[in-house]
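# Geometric and topological summary
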Amino acid sequence: MRFELGVYSFGVAGRDSNGDEVSTAQAVRNVLAQIHVAEQVGLDFFGVGEHHHEQVPVSSPVSLLAAAATTTSSITLSTAVSVLSTDDPIRLYQQAATAAILGGDRVELIVGRGSSTESFALFGYDLDDYDRLYADKLGLLLAVSERELVTWQSAFRPPLEDALVVPRPDEPLKIWVGSGGSPGSSIRAGSAGLPISYGILSGTPARWGEVGQLYRRSAQDNGVDPARLEISVASHGFIGKNGLATKQRFHRHEIASFALAGRTLPSRWEAVEANYSPGGMVFAGEPEEIAERIIDLHRHLGHRRQFLQMDIGGMPQADVLTSIELLGTEVAPLVRAELAGEK
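Residues numbered from 1 in each chain as written. Predicted model: local features only at pLDDT ≥ 70, side-chain atom pairs only at ≥ 80, totals over all residues. Heavy atoms only, no water.

When you go through the protein chain residue by residue, the secondary structure sums to eleven helices and 14 strands. Relative to the compact-globule value of 20 Å for 343 residues, the protein chain shows a C-alpha radius of gyration of 19 Å, a close match. Counting only C-alpha atoms and orienting by the principal axes, one finds that the protein chain spans roughly 60 × 45 × 40 Å. Sequence-distant contacts, at least 24 apart, represent 71% of the contacts inside the protein chain between residues at least 6 apart. Here the protein chain has roughly 14,300 Å² of accessible surface; of this, 50% comes from carbon and sulfur atoms. Taking the average place of the 29 positive charges on the side chains of the protein chain and the average place of its 42 negative ones, the gap between the two points comes to 2 Å. (Helix = DSSP H or I, 4+ residues; strand = E, 2+ residues; numbered from the N terminus. Rg over C-alpha atoms; globule rule 2.2 N^0.38 Å. Contact = heavy atoms within 4.5 Å. Areas by Shrake-Rupley, 256 points an atom, 1.4 Å probe, with all protein chains shown as cover. Lys, Arg positive; Asp, Glu negative; His and termini not counted. Charge placed at Lys NZ, Arg CZ, Asp CG, Glu CD.)

This part is about the packing of helix α6 (residues 183–192) against helix α7 (residues 205–221). Direction vectors running N to C along α6 and α7 enclose 40 degrees, while the axes themselves pass 7 Å from each other. With respect to α7, the element α6 is oriented oblique. Taken as a pair, α6 and α7 cross one another with a handedness that is right-handed. In this structure, α6 contributes P183, S186, I187, A189, G190 and S191 to the contact, and α7 contributes V211, L214, Y215, S218 and A219. (Axes fitted to C-alpha atoms, helices over the stretch in contact; angles between N-to-C directions. Parallel < 35°, antiparallel > 145°, perpendicular 65-115°, else oblique. Left-handed = near helix turned anticlockwise from the far one by under 90°.)

This paragraph deals with the pairing of strand β9 (residues 157–164). Of the strand pairs in this sheet, strand β8 (residues 149–154) and β9 are connected by four bridges, and their pairing is antiparallel. Paired with L149 across the bridge in β9 is L164. Counted between consecutive antiparallel strands, the loop separating β8 from β9 contains two residues. (Pairing = 2+ DSSP bridges.)

This structure, assessed with the given rule, holds 18 salt bridges. Close ionic contact of K241 with E330 constitutes a salt bridge, the shortest N to O distance being 2.7 Å. Within this pair, whereas K241 is found in the loop between β12 (231–239) and α8 (243–260), its partner E330 is found in helix α11 (residues 317–339), the two being separated by 89 residues in sequence. Overall, E330 belongs to the partly exposed group, its relative accessible area being 25%. In the salt-bridge network here, residues are joined through shared partners; they are E4, E108, K174, E230, R304 and R305. (Salt bridge = Lys/Arg side-chain N within 4 Å of Asp/Glu carboxyl O. Buried < 20%, exposed > 50% of the residue type's maximum accessible area, 1.4 Å probe, protein only.)

Turning our eyes to something else, we now look at the pairing of β12. For β12, the buried fraction is high: nine of the nine residues fall into the buried class. Side chains of β12 alternate between two faces, with I231, V233, S235, G237 and I239 and S232, A234, H236 and F238 buried alike. Two elements, strand β11 (residues 196–200) and β12, share five bridges in a ladder whose sense is parallel. Note that in β12 the partner of Y198 across the bridge is V233. The parallel pair β11 and β12 is bridged by α7, and the resulting crossover is right-handed. Looking at chain direction, β12 and strand β14 (residues 305–309) are connected through five bridges and run parallel. (Right-handed = clockwise from strand over helix to strand, strands pointing away.)

By volume, the second largest pocket amounts to about 190 Å³. Lining the second largest pocket we find 14 residues, and of these S59, S60, P61, D87 and Q95 sit closest to its centre. Of all the secondary structure elements, the ones that give two or more residues to the lining of the second largest pocket are α2 (61–69), β6 (82–83) and α3 (89–102). Ranked by residue count, the leading element in the lining of the second largest pocket is α2, at three residues. Of the residues belonging to the lining of the second largest pocket, the class tally is five nonpolar, seven polar and two charged. (1 Å grid on protein atoms, 1.4 Å probe; cavity = no way out; pocket = protein on both sides within 12 Å on 5 of 7 lines; lining within 4 Å. Points joined across faces, edges and corners; volume = space filled by probe spheres on them. Nonpolar A, V, L, I, M, F, W, Y, C, P; charged D, E, K, R; others polar.)

A separate point is the packing of helix α1 (residues 24–40) against α11. Look at α1 against α11: their axes get within 9 Å of each other, and the N-to-C directions meet at 20 degrees. Here α1 is positioned roughly parallel relative to α11, judged by the angle of their axes. For the pair α1 and α11, the sense of crossing is right-handed. Contacts from N30, A33, Q34, V37 and A38 in α1 reach Q317, V320, L321, I324 and E325 in α11. Of the residues belonging to the contact of α1 with α11, the class tally is six nonpolar, three polar and one charged.

This is how it looks when you write it as structure tokens:
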């Protein structure tokens, strides 16, 4: 099982840092172009996230995956994440299954509660049900994935009795739990033997290694073989030839991205430098350094896939495509050579 590298995106609209205006329609097309370049340079994975905001406008990731499935041939395609709490699990399964059929079983789902809550009001859900909705809908999604005829009782929908859910892909649809690292999510996924995808923006490799240990212990305590488990990591990152300039430029784009979400990132470089350096969790810099840092995180966490969000805060599309090329042509060979044969 070789270590996999890739990219993810929510799409980025608005005025980029070159001063060019990017429409919501162009933002969607830009993500499709990124997927094509990622495959061309030999990357393994591309994830498409869900938001409902004019500046991060990819609100229907599975639709985009279906388009990509018919225009690519080898890259694994996934949501990253689908906001399951405000989606219909049956409809989500049907759409992803259709995309998987079109793409030769290369489509996966990463499902989570989401890092933002705009979809609750949009789709008429009560934010007070945040946790209960997710737990219930995850259960239904897994039931649908397991069998064609589904029986389900829930406080959030009318009951189902041997309801037929089609189409069915040739291979089972792979479903990951998406998590920001909360202990509850690690315990839930480990206990159920589900693969987990951590969204990581800060911390240290050692700290995330402890999170991974909790996930594996939870599996073992519930009779699940930890060797069956899989971990993937979604993180911010950007590859360039000038290490310090690349880091500081990406930091400026991170400031803009955090502001969009109503959060504040320190503007002083000295206040954030450690998170952009070995031992930190933003993977921006020169190819050799990024390869070494991914390998180091793997030594602590034992993850099998890492994918980077590059197009944040108005990063121009041309620069995103260059960064994707460097990830595929310069970072990936170094990582794969070091981790060959490891899980």
